[in-house]
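Chain by chain, the residues:
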Amino acid sequence: MRSSFNAGWAVRPKQNPFSELTGAKSAPEPVTLPHDAMIGTQRDPSASHDIAYFPGGVWEYSRRFEAPAEWRDRRVALQFEGVYRDAMVYVNDDFAASEPNGYAEFIVDLNPFLRYGEENTIKVDCRAGEDSRWYSGAGIYRPVHLWVQNPVHLAIDGVWITTPEIDDQGAVVEVAAEVQNDTAHTMTVRMACEVRDAAGETVARGDIPVTLRPHTTVIARQRLAVSNPARWSTDQPDLYSCTTTLAETDDGSAELDRDVTAFGIRSLQLDPAHGLRINGETVKLRGACVHHDNGPIGAATISRAEERRVELLKAAGFNALRSAHNPMSRAMLDACDRLGVIVMDETWDMWTENKVNHDFALRFEERWRSDVATLVRKDRNHPSVVLYSTGNEIPEVGSPLGAARARDIAEHVRSLDPHRYVTTGVQPMLAIRGLIAKIPEILGFVESPDSTEEVEPSPTEEAESQGVNTQMAMWAMVKDQVMRDPIIAEGIEEVSASLDVVGYNYVSNRYLLDHELYPNRVIVGSETNVTDLGRDWPVICAHPHLIGDFTWTGWDYLGEVGIGRVGYDDEDPVDRGVPGVVAPFPWLVAHTGDIHTTGVRRPASYYREIVFGLRREPFIAVQRPENAHKQVAYSGPWSWSDTVDSWSWDGYEGTTVDVEVYSADDEVELVLNGKSLGRQPTDEFHTKFAVAYEPGELVAIAYSNGEEAARTALRTASGPLHLAVEADRPEITAGDADLAYVSVRLTDADGIMNPVANRPIAVTVEGPGVVQGFASADHQSTEPFGSNICTTYDGQALAVIRPTGPGTINLTFTADGLDPAACRLTVSEG
């Protein structure tokens, strides 16, 4: 049976034995897993901008536990869902296992090392530094499970459920279970399977005898019939569960093992004439790329944090997520199953060519097959998983041998799971050798490679020597001209042929051209810019060979700092940083997500919702008035306008600001305090007005064919300021998987937020809970996430509370000049 092994750990910076001999030993800090060791460190301007200026390091986790004497005859193992990175596991100071991939699950057999009837110690060393293009975090950041099983048992994650036959009258549910016999004797056991629907009613059952030779593993299969199945879809994500048991007797009284597996009944079809079909219905993927960090709590993969992200992303209009660029956590997969969100689960950001000095490319060749197997074993029962991605922007795929490797990987995936589709995020600028050097010729900067005439400098002259993001920014400048060159089609033809769906990263201008050249190709925009969505989405909807769009990104993330920033002419060029690549310290986030790391929706999110056809009302976004008289010096491919959905700008009366209005209708009229400021047509769901700020009410009215279709308004906050606090749920559960998210807002009596009245907020916690994180949307904050004090940004902040036991948690929020605000949380037994 499986149990949580997340409590009772301690962590400290790792000291080598020679240092400890001289007395250089740090005290361990008690922690509950999942835990990010990096997020609590002091950021350093000399550290890498890729990981948000957090320093790397080496950490040691340890835990003591009893191994009862009866475990001597059991199979005992630990399952780690993720340790970043280069994990080394020791049991009672003896080396037991290692896992170099920070995103791969692994299992450690404890039996050879345990001292039965005594206390045992497990230690896990891990390290991070110069190995990631984004914030990785460090430590045992995903859950750990203890498995104690009888000698005859179900293999860990050994139950695989498929639904090979489905129609309106019924579905066949095939259960394939790996049964292991660790004894020296031939054993015959009964394997029973019981399928229950979402209401807990039994809808199918069966049991069979299974004979196992000594020291063998067999696959035992059952086919069960379910009548009138409820099918899983994004609109109605119905789930079933299958309980699989092993017993020594026919009546099941001597149970040996038990597994409960959630699954969904749904069919998949894919072709260029109909696109992606789920249960026979075409589905367009309204997708978001997401990194693995959880903002204020770092990389810690606490189940509620993952679930909340999926909830908010779906509420914002997304129906699909791409796990960029590593395998998605089990908790997020479970949430996608429950909430009806399609998943593209990704393996790696690199193969054999480094993108960062010490990344996983150093171990790729020896590990890729096992990494694929681990990913598939984790994903294969999840109805949400539709696509496996075998890589992101892999430079090798443009060469013949690189394309051959892509084919090998794709075939390995298919051999393990033939029921889902394989894709790869292809970026021609990185994949096609020599393309950057050829761009000046394509653009006409030179007459030919042999020309001796003096030529105008090319915007890509230095791209070859820059990092990936610099090259991508350069690509954004020239892609429209370069896109139609035959070198693009030729360079990615072979890798595309090995895929079920070809992922196009930032090459949407080839969507229609490549359909003419390759009419059997199915394409997904695997990574796109929101600034292209107004042009691209109508094209995607009109052409079935295009199955969707995945924006970079749906949720903002730590690291790759400032790639989505807007720079102004009053900034020092050094402070402005390198366009598309790096922003200087103290920048913290990429500043490119639809939703900020705290869960706050940015204006781009509402624009997307309108383009998707999911929001009828227009949306108003207002330029920050402190920047109104500045010239934009830099706005890159991942940038959105520097706007806020507020009309509360005390101190800026008379300042002329840009007011953007997003609408799916023909025209928009803007009205300020009852006076019309004019009516303007929309272009790609967008229009803009110049407005002198004055307090009051700003109304946007959308017109279709001359008739009012919808309206929305912003109002100015007035009167005394209040602290408004609200928890996402009033009751949470004790244990290691739950959190409470408490929003803190500065508002007037009517609840209108004031974005310019920012100030430090302090929180005190009474009862069984701790502050797991406290943060605002300030992209340059230097405040530590684990502090009890946070300065609001745009009038708000977010406190993340982790329960430490059952009972009542009383939170009190205070700020200078304001009355305190209280929030009570009930923590029930886990």
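The structure we're discussing is the one just above.
Cut-offs used in this document
Here the residue numbers are simple positions, counted from 1 along each chain's written sequence. Reporting in this predicted model follows two pLDDT cut-offs: at least 70 for local features of residues, and 80 or more for side-chain atom pairs to be given and counted; totals over whole chains, interfaces and linings ignore these cut-offs and use all residues. Heavy atoms throughout the structure, all of them, feed into the side-chain values; hydrogens and water do not. The aromatic pairing rule takes the rings of Phe, Tyr and Trp, using the six-membered ring of Trp, and pairs them if the centres are within 6.5 Å, calling planes under 30 degrees apart stacked, those over 60 edge-to-face and the rest tilted. In this scheme, Lys NZ or Arg CZ marks a charge over a ring once it lies within 6 Å of the ring centre and within 35 degrees of the ring normal. DSSP bridges decide pairing: two strands pair if at least two such bridges lie between them. Secondary structure elements are taken from DSSP: a helix is a run of H or I of four residues or more, a strand is a run of E of two residues or more, and numbering for both begins at the N terminus. Axes, fitted as lines to C-alpha atoms, cover a helix only where it is in contact. Angles between the N-to-C directions of the axes lie from 0 to 180 degrees. Each residue gets one of three labels from its accessible area relative to the maximum for its type: buried under 20%, exposed over 50%, partly exposed in between, using a 1.4 Å probe on protein chains only. Orienting the strands away from the viewer, one traces the path from the first strand over the helix to the second; a clockwise path indicates a right-handed crossover. The term disulfide is used for any two cysteine sulfur atoms that are within 2.5 Å.

Considering the packing of aromatic side chains
- Under the criterion given, the structure shown has 23 aromatic pairs.
- Among the aromatic residues, those joined into a cluster by ring pairs are Tyr 606, Tyr 607, Phe 619, Trp 640 and Tyr 662.
- In this structure, Arg 43 packs its charged tip against the face of Phe 54, placed 5.9 Å from the ring centre.

Quick word on the sheet that holds strand 35 (residues 675-681)
- One open sheet holds the four strands; their spatial order is 35-34-37-38, and the pairing between them is antiparallel. Of all the strands in the sheet, just strand 35 and strand 38 (707-715) have a single pairing partner and so form its edges. Neighbour to neighbour, the strand axes of the sheet diverge by 20 degrees on average, direction disregarded.
- As defined by bridge partners, strand 37 (residues 697-704) adjoins strand 38 across eight bridges and the pair is classed as antiparallel. Across the sheet, the residue bridging to Ser 704 is Glu 707, located in strand 38.

Here we look at the sheet that holds strand 16 (residues 240-247)
- Pairing is antiparallel across the open sheet formed by four strands, whose spatial order is 14-13-16-17. Edge positions in the open sheet fall to strand 14 (202-212) and strand 17 (255-263), since each of these has one partner strand only. Going across the sheet, the axis of each strand differs from the next one's by a mean of 15 degrees, ignoring polarity.
- Bridging between strand 16 and strand 17 involves eight bridges; their strand directions are antiparallel. Each residue of the ladder has a partner; that of Cys 242, found in strand 17, is Thr 261.

Notes on the pairing of strand 27 (residues 523-528)
- Among the six residues in strand 27, six count as buried, and that is most of the element.
- Sheet topology places strand 26 (residues 501-505) next to strand 27; three bridges connect them, and they run parallel. Bridging from a neighbouring strand, Gly 503 pairs with Val 524 of strand 27.
- What joins strand 26 to strand 27 is helix 10 (residues 511-517), and the crossover it makes is right-handed.

Description of the state of the cysteines
- Counted by the stated rule, this structure contains zero disulfides.
- Between Cys 541, a free cysteine, and Cys 289, which holds the nearest cysteine sulfur, the sulfur-to-sulfur gap is 18 Å.
- As a non-bridged cysteine, Cys 790 has Cys 823 as the owner of its nearest cysteine sulfur, 16 Å distant.
- Accessibility expressed as a relative area gives 2% for Cys 790, which makes it buried.

Brief notes about helix 3 (residues 330-339)
- Burial analysis of helix 3 places seven of its 10 residues in the buried class, which makes it a mostly covered element.
- Within helix 3 the residues assigned to the buried category are Arg 330, Ala 331, Met 332, Leu 333, Ala 335, Cys 336 and Asp 337.
- Backbone geometry just downstream of helix 3 places Gly 340 in the positive-phi region, at approximately 80 degrees.

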